[in-house]
Amino acid sequence: MGAHHPERPERLSAIEDQLIASGIGQYLKRYDAPLATEEQLSRVHPREYVHAIHDAAPREGTVHLDPDTAMNRYTLQAALRAAGAGVMATDLVLKKEVKTAFCPVRPPGHHACRARAMGFCIFNNVAVAARHAIQAHGVGRVAIIDFDVHHGNGTEDIFENDEHVLMASIFQHPFYPYSGTEDPAPNMYNVPLAAGSGSRQFRNAVTEVWLPALEEFRPELVFFSAGFDAHAEDDMAMLRFSDADYGWVTEQVKTVADRYSGGRMISLLEGGYALSALGRSAVQHIRVLAGLNG
Ligand SMILES: [Zn+2]
């Protein structure tokens with residue numbers, strides 16, 4: 001994304017470092033993400049948009065898709081693999097090769113709308129994966145849990161009023177991208193949180209809004225848009241979540257997944273820019289996903 005941009009490669013090594021330091025890295029199975037195909041992407045994005053992104057990709061230098069979102073000569077491949085990772089994880093989980101998966105991908109995806117790149121996002125990775133589950137595997141009910149500090153406006157744009165999808169999210173409000181509060185669709189369970197909100201407000205939102213909605217929806221498969229930028233140490237925003245909150249929310253959702261989804265959960269990295277907090281928080285999340293917390 002360019003020098004001094006917060007969405008930087010070191011984010012992934014910060015997660016990897018903490019996986020090693022925590023000792024859980026050795027228990028995880030690794031896979032290389034394939035490139036998403038045009039067919040997979042075009043279930044979510046119009047073909048003209050997919051072509052426009054290919055056409056925009058520079059041979060050298062950088063081009064900006066919006067003020068926050070740039071492409072260099074490697075970005076298209078990375079974006080295709082980020083979307084492909086979610087598709088592969090969905091295939092692995094639905095073929096029962098693994099029960100859960102975490103995709104540490106860049107660029108993130110949840111701000112990418114049907115036909116618009118924004119907020120560091122080019123393709124909506126979680127949406128491409130969820131649609132793959134629905135259309136290629138015939139899954140009837142998919143839940144998307146988005147705990148990034150920013151509203152997942154792209155995911156909402158793609159799935160509002162889609163009977164196959166329930167989206168549960170929290171986000172700082174008012175804050176970028178300034179959406180999610182005006183008349184959300186009935187399948188959107190959005191909980192805006194004021195700047196300064198911390199563990200208590202987050203856990204109340206999960207307990208009082210997300211879990212009852214999930215219980216009623218009975219998802220067959222659960223996805224996470226896992227952004228860790230609501231952490232107190234992350235100065236991208238002004239929420240005050242702790243490392244432990246990310247383990248806790250994963251446990252809460254896991255109880256629903258165990259009841260209705262055969263424990264199947266797929267998580268894709270979104271934001272998280274304070275490197276140490278990102279690595280530690282991701283480990284709390286992955287530890288529960290992988291069943292290594294007992
Ligand atoms: Zn974010």
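Overview of the structure. Each chain carries its own residue numbering, running from 1 in the direction its sequence is written. Where local features are concerned, this predicted model is filtered to residues with pLDDT of at least 70; where side-chain atom pairs are given and counted, the filter is 80 or more; whole-chain, interface and lining totals use all residues. Based on all heavy atoms of the structure, the side-chain values leave hydrogens and waters out of the count.

Let us now look at the coordination of the zinc ion. Coordination shells were defined by N, O and S atoms within 2.8 Å of each metal, extended to 3.2 Å for Na, K and Ca; water is absent from the atom set, which can make sites look incomplete. Donor atoms from the polypeptide that coordinate the zinc ion comprise Asp148 (OD), Asp148 (OD), His150 (ND1) and Asp229 (OD), at 2.0 to 2.7 Å from the metal. Any coordination sphere not matching a tetrahedral pattern (four donors, all angles between 85 and 135 degrees) or a square planar or octahedral pattern (four or six donors, opposite donors over 155 degrees apart, other angles between 65 and 115) is reported as irregular. Its four donor atoms give the zinc ion angles of 53 to 152 degrees at the centre, a pattern that matches the irregular case. Read in sequence order, the donor residues coordinating the zinc ion give the pattern D-x1-H-x78-D. Of this pair, histidine 150 sits in the loop between β4 (142-146) and α6 (153-159) while aspartate 229 sits in the loop between β7 (221-226) and α8 (243-260), and the two are 79 residues apart along the sequence. Considered together, histidine 150 and aspartate 229 belong to a single accessibility category, that of buried residues. Strands are runs of DSSP state E lasting at least two residues, helices are runs of H or I lasting at least four, and both sets are numbered from the N terminus onward. For each residue, the accessible area found with a 1.4 Å probe, counting protein chains only, is set against the maximum for its type, and the residue is called buried under 20%, exposed over 50%, and partly exposed in between.

Salt bridge, as used here, is a side-chain nitrogen of Lys or Arg placed within 4 Å of a carboxyl oxygen of Asp or Glu. Evaluated as defined, the whole model comprises 13 salt bridges. With its nearest N and O atoms 2.8 Å apart, the salt bridge here joins glutamate 38 to arginine 47. For arginine 280, the salt bridge identified is with aspartate 243, shortest N-O distance 2.9 Å. Residue arginine 280 is found in helix α9 (residues 275-289), and its partner aspartate 243 is found in helix α8; the two are separated by 37 residues along the sequence. Here the salt bridges share partners, and the residues they tie into one network are Glu7, Arg11 and Arg106.

Once that is clear, we can look at the state of the cysteines. Disulfides are defined as pairs of cysteine sulfur atoms found within 2.5 Å of each other. On inspection of all chains with the given rule, the structure shows zero disulfides. In this model cysteine 103 remains outside any disulfide bridge; the closest cysteine sulfur is found in cysteine 121, 15 Å from its own. The class of cysteine 103 is buried, set by a relative accessible area of 6%.

It is worth spelling out the nonpolar core at this point. It is characteristic of soluble globular proteins that their nonpolar side chains tend to be buried jointly. Throughout this description, the term nonpolar core refers to a set of buried Ala, Val, Leu, Ile, Met, Phe, Trp, Tyr and Cys residues connected via side-chain atoms within 4.5 Å. In this structure, Leu41, Phe123, Val142, Ile144, Phe159, Leu221 and Phe223 are the most contacted members of the largest nonpolar core, which totals 45 residues. No other element matches the eleven residues that helix α4 (residues 75-94) contributes to this core. Residue contacts are defined here by distance: any two heavy atoms, one from each residue, within 4.5 Å place the two residues in contact. Apart from residues lying up to four places away in sequence, isoleucine 144 is in contact with Val126, Ala130, Thr155, Phe159, Val165, Leu166, Met167, Ala168 and Phe223. Formed by 43 residues, the second largest nonpolar core is a distinct cluster that contains Ile170, Phe224, Ala230 and Ala257.

Our focus in this paragraph is the packing of aromatic side chains. Stacked, tilted and edge-to-face are the three classes applied to pairs of Phe, Tyr and Trp rings, where Trp contributes its six-membered ring and a pair requires centres within 6.5 Å; stacked means planes under 30 degrees apart, edge-to-face means over 60, and tilted covers the rest. Within the structure shown, the criterion is met by nine aromatic pairs. Judged by centre distance (5.8 Å) and plane angle (90 degrees), the ring pair of phenylalanine 120 and tyrosine 273 falls under edge-to-face. Of this pair, phenylalanine 120 sits in the loop between β3 (100-103) and α5 (125-137) while tyrosine 273 sits in the loop between β8 (265-269) and α9; the two residues are 153 residues apart in sequence, bridging distant segments of the chain. This pair shows no difference in class: phenylalanine 120 is buried, exactly as tyrosine 273 is.

Below, the discussion takes up the pairing of β4. Among the five residues of β4, five are classified as buried, and the element is accordingly described as predominantly covered. Across the two faces of β4 the burial is the same, with Val142, Ile144 and Asp146 and Ala143 and Ile145 all buried. Summarising the sheet, β4 and strand β5 (residues 165-172) pair through five bridges and their orientation is parallel. Within the sheet, the bridge partner assigned to valine 142 lies in β5 and is valine 165. Looking down the strands as they point away from you, a crossover is right-handed if its path from the first strand over the helix to the second goes clockwise. With α6 bridging β4 and the parallel β5, this β-α-β connection has right-handed handedness. Relative to β7, β4 is paired through five bridges, and the arrangement is parallel. The partner of aspartate 146 across the bridge, within β7, is serine 225. Strand pairing requires that DSSP identify at least two bridges connecting the strands.

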